[in-house]
Amino acid sequence: MPDIQEPPSVQTGTLSRQRSSVPASRWWPAALFLTSALCLVVRLIDLDGKSVFADEMSSFTFARMNWTAFWRVVTSSEANMALYYVLLRFWIRIGDSVWFIRFLSVILALATVPVIYDIGTKLFSRYTGLLAALLFSLNVYHISYSQAARGYTLAVLLVSLSCLYFVKSIESLDTRISAAYVTSSTAALYSHFFAGFVLLAQFVSLFFLRSRVATIRQLRLMVVIAVLGSPLLVFAAIHKTGPLAWVQPPSGKDVYHFLTYLTGSGLKFGICLFALVVVGREWWQRTVASDPKQNSTWPFVFLTLWFVLPLGIALALSHWKPVFSPRFLMISLPAFLLLTSQGLLAIGPRWPRRLVVLILLVSLATALPSYYRRPGFEDWNAVNNFLAQKVQANDTIFVDPAYRDVFEFTYHHSGRTLPTRKVIIDLGLKTDDGERSDRIWIISCHPTHTAQDPIPPLPEQYVPGPTTKFPGIEVLQYVKSAG
């Protein structure tokens, strides 16, 4: 593997790239094409195999509403991901199968590959950009949400575009680049609120940029973005953290799990941590050796802020109100992969470097089969099979109304018929609702087993039976006592 290229430096207010020692060839487009093809293939495998889960069902519901009802929902409670819901409304007019609806997320993931490559190329080298794109393509965490009808892949794409045009606008006075930066950044805000943390990271990074002209120009563009995103600030001021009431307070274990989602567990986790140590060493060496008038270390500062700042803010806010959720922080994945890739490519001699990279890529690829075998976030298919086998004609099933749509949707698509007609979509139950039933089944989704869990009051003659656990779901059984 050829030597690592020097990162861009700032001279007279613009980023001036050193000439690559590797002549331009068809190898780079071909390599990027193959990486994109890999990204597409691994996300298309068993695309509709996992159960539809409750959040996906919400996406389906919002996309099918009339515009009046949709506008009411978005402005009252669901402003987050609003842009994705709008796109999905047009997408389902082409096709509304589960496979096709999820395919929109796959396309958005595919579009992110060349963006990550371009960021890596602008900040470091083509090798860094290509390796980061390859790691992104094989990242199981991103694959899992690329196979879901949610807006996280859109947020990652738009945040990446925002950062790409942020870097480009620093070195260029082209109004088209500035317009692209403002557009992508504003769209990112409307795709997910946490995109604002990445824009904040861009803002902070400007103070490490030794170019007064570029800094002032970027600050002006950020003011425009703030004005365009102001309706979201109004929404947040009115609703505060109400839409995030389901988020639990984070622990150290949650942070560790988030890091393993970015890297993979076991050997993959160790290699990525080692790569971060190496990139930290390279950062320090360039800090000591670089010309004070240049910004050869700015790419490290920028990517570190992009990775660390959203995580730090989420943890800090969670001391007041829990907002930490690993999937919200997927917006930091490209920065982490770019830093990791630069660290891997900075490993000493050529052959050890190649060996470590190969081991990491093989480890990521061999982890994919286990992902495909795992059930989805909520295994409603398994719940359907269980109920079809266990429920009898004189039993009663209680379902939280928040999960009514996904419960009915999965049964409708499975082609099964429940052996009982006593399905009550409510958890504020009347005592006589189940009195004539031999057994009562309560479907509890994402249970926390706290005093606030919505377990309905039951007639005294019912005693707890066995609880059957599925991914994201528990089925509680109550049996009428003989007495």
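Note: the structure precedes this text.
Residues numbered from 1 in each chain as written. Predicted model: local features only at pLDDT ≥ 70, side-chain atom pairs only at ≥ 80, totals over all residues. Heavy atoms only, no water.

**Focus on the pattern of salt bridges**
No. 1: Counted under the stated rule, the structure contains 8 salt bridges.
No. 2: Across the pair D174 and R176 runs a salt bridge, and its minimum N-O distance is 3.0 Å.
No. 3: The partly exposed category is assigned to D174, whose relative accessible area is 24%.
No. 4: With relative accessibility at 65%, the residue R176 sits in the exposed group.
No. 5: For the salt bridge of E282 with R286, the shortest nitrogen-to-oxygen distance reads 2.5 Å. Here the residue E282 and the residue R286 both occupy positions in helix α14 (residues 267–289), the gap between them amounting to 4 residues, near one helical turn. In this pair, the class of E282 matches that of R286, namely buried. (Salt bridge = Lys/Arg side-chain N within 4 Å of Asp/Glu carboxyl O. Buried < 20%, exposed > 50% of the residue type's maximum accessible area, 1.4 Å probe, protein only. Helix = DSSP H or I, 4+ residues; strand = E, 2+ residues; numbered from the N terminus.)

**Looking at the side chain of E378**
No. 1: In this structure, E378 sits in the loop between α18 (368–373) and α19 (380–390).
No. 2: Despite being buried, E378 has no salt bridge partner; R327 is the closest side chain of opposite charge, sitting 7.8 Å away.
No. 3: For E378, the side chain forms a polar contact with the main-chain nitrogen of A54, separated by 2.8 Å.
No. 4: A distance of 2.9 Å separates the side chain of E378 from the side chain of W380, its partner in a polar contact.
No. 5: With near-sequence residues (within four places) excluded, E378 lies in contact with S51, V52, F53, A54, C445, H446, P471 and I473. (Lys, Arg positive; Asp, Glu negative; His and termini not counted. Polar contact = N/O pair within 3.5 Å; in protein donor to acceptor, adjacent residues only side chain to side chain. Contact = heavy atoms within 4.5 Å.)

**As for the pairing of strand β5 (residues 439–445)**
No. 1: Extensive coverage of β5 is indicated by the burial of 7 of its 7 residues.
No. 2: Of the two faces of β5, the one holding R439, W441, I443 and C445 and the one holding I440, I442 and S444 are both buried throughout.
No. 3: The sheet contact formed by strand β3 (residues 396–399) and β5 spans 4 bridges and is parallel. Among the inter-strand pairings, I397 is bridged to a residue of β5, identified as W441.
No. 4: Strand direction decides the pairing type here: β5 and strand β7 (residues 473–480), joined by 7 bridges, are antiparallel. (Pairing = 2+ DSSP bridges.)

**So, the pairing of strand β6 (residues 462–470)**
No. 1: Bridge count between β6 and β7: 7 bridges; the pairing is antiparallel. Bridging from a neighbouring strand, T468 pairs with V475 of β7.
No. 2: Between β6 and the antiparallel strand that follows it, β7, lie 2 residues; G472 among them carries a positive phi value of about 80 degrees.

**Considerations on helix α10 (residues 195–205)**
No. 1: Within α10, the full set of buried residues consists of A195, F197, V198, L199, A201, Q202 and S205.
No. 2: Taken together, the buried residues of α10 touch α8 (152–171), α9 (175–191), α11 (212–228) and α15 (298–317).

**Let's talk about empty space enclosed by the protein**
No. 1: Summed over the entire model, instances satisfying the criterion amount to 3 cavities of 30 Å³ or more.
No. 2: Roughly 60 Å³ of internal volume is contained in the largest cavity.
No. 3: Together, L135, N139, L262, T263, C272, L337, L360 and L364 line the largest cavity.
No. 4: Of all the secondary structure elements, the ones that give two or more residues to the lining of the largest cavity are α13 (252–263) and α17 (350–366).
No. 5: Its residues assigned to classes, the lining of the largest cavity shows 6 nonpolar, 2 polar and no charged. (1 Å grid on protein atoms, 1.4 Å probe; cavity = no way out; pocket = protein on both sides within 12 Å on 5 of 7 lines; lining within 4 Å. Points joined across faces, edges and corners; volume = space filled by probe spheres on them. Nonpolar A, V, L, I, M, F, W, Y, C, P; charged D, E, K, R; others polar.)

**Digging into the packing of aromatic side chains**
No. 1: Counted under the stated rule, the structure contains 35 aromatic pairs.
No. 2: Between F166 and Y181, the aromatic rings sit 5.9 Å apart at their centres with planes inclined by 40 degrees, giving tilted as the arrangement. On the criterion of sequence distance, the pair formed by F166 in helix α8 and Y181 in helix α9 is long-range, its members being 15 residues apart.
No. 3: By relative accessible area, which is 0% here, F166 ends up buried.
No. 4: Its relative accessible area of 0% is what places Y181 among the buried residues.
No. 5: Put simply, the rings of F53, Y141, Y145, Y152, F194, F197, Y261, F328 and F377 touch in pairs and so form one group of aromatic residues. (Phe/Tyr/Trp six-rings, centres within 6.5 Å; stacked < 30°, edge-to-face > 60°.)

**Things to note about the packing of helix α4 (residues 82–91) against helix α5 (residues 98–123)**
To characterise two packed helices, one gives the angle between the axes of the helices and the distance between these axes.
No. 1: At a closest axis distance of 10 Å, the pairing of α4 and α5 adopts a crossing angle of 130 degrees. As summarised for this structure, α4 and α5 are arranged oblique, according to the angle between their axes. The interaxial crossing formed by α4 with α5 has right-handed handedness. Contacts between α4 and α5 involve Y84, L88 and W91 from the former and F100, I101, F103, L104, S105 and I107 from the latter.
No. 2: Across the contact of α4 with α5, the residue classes break down as 8 nonpolar, 1 polar and no charged. (Axes fitted to C-alpha atoms, helices over the stretch in contact; angles between N-to-C directions. Parallel < 35°, antiparallel > 145°, perpendicular 65-115°, else oblique. Left-handed = near helix turned anticlockwise from the far one by under 90°.)

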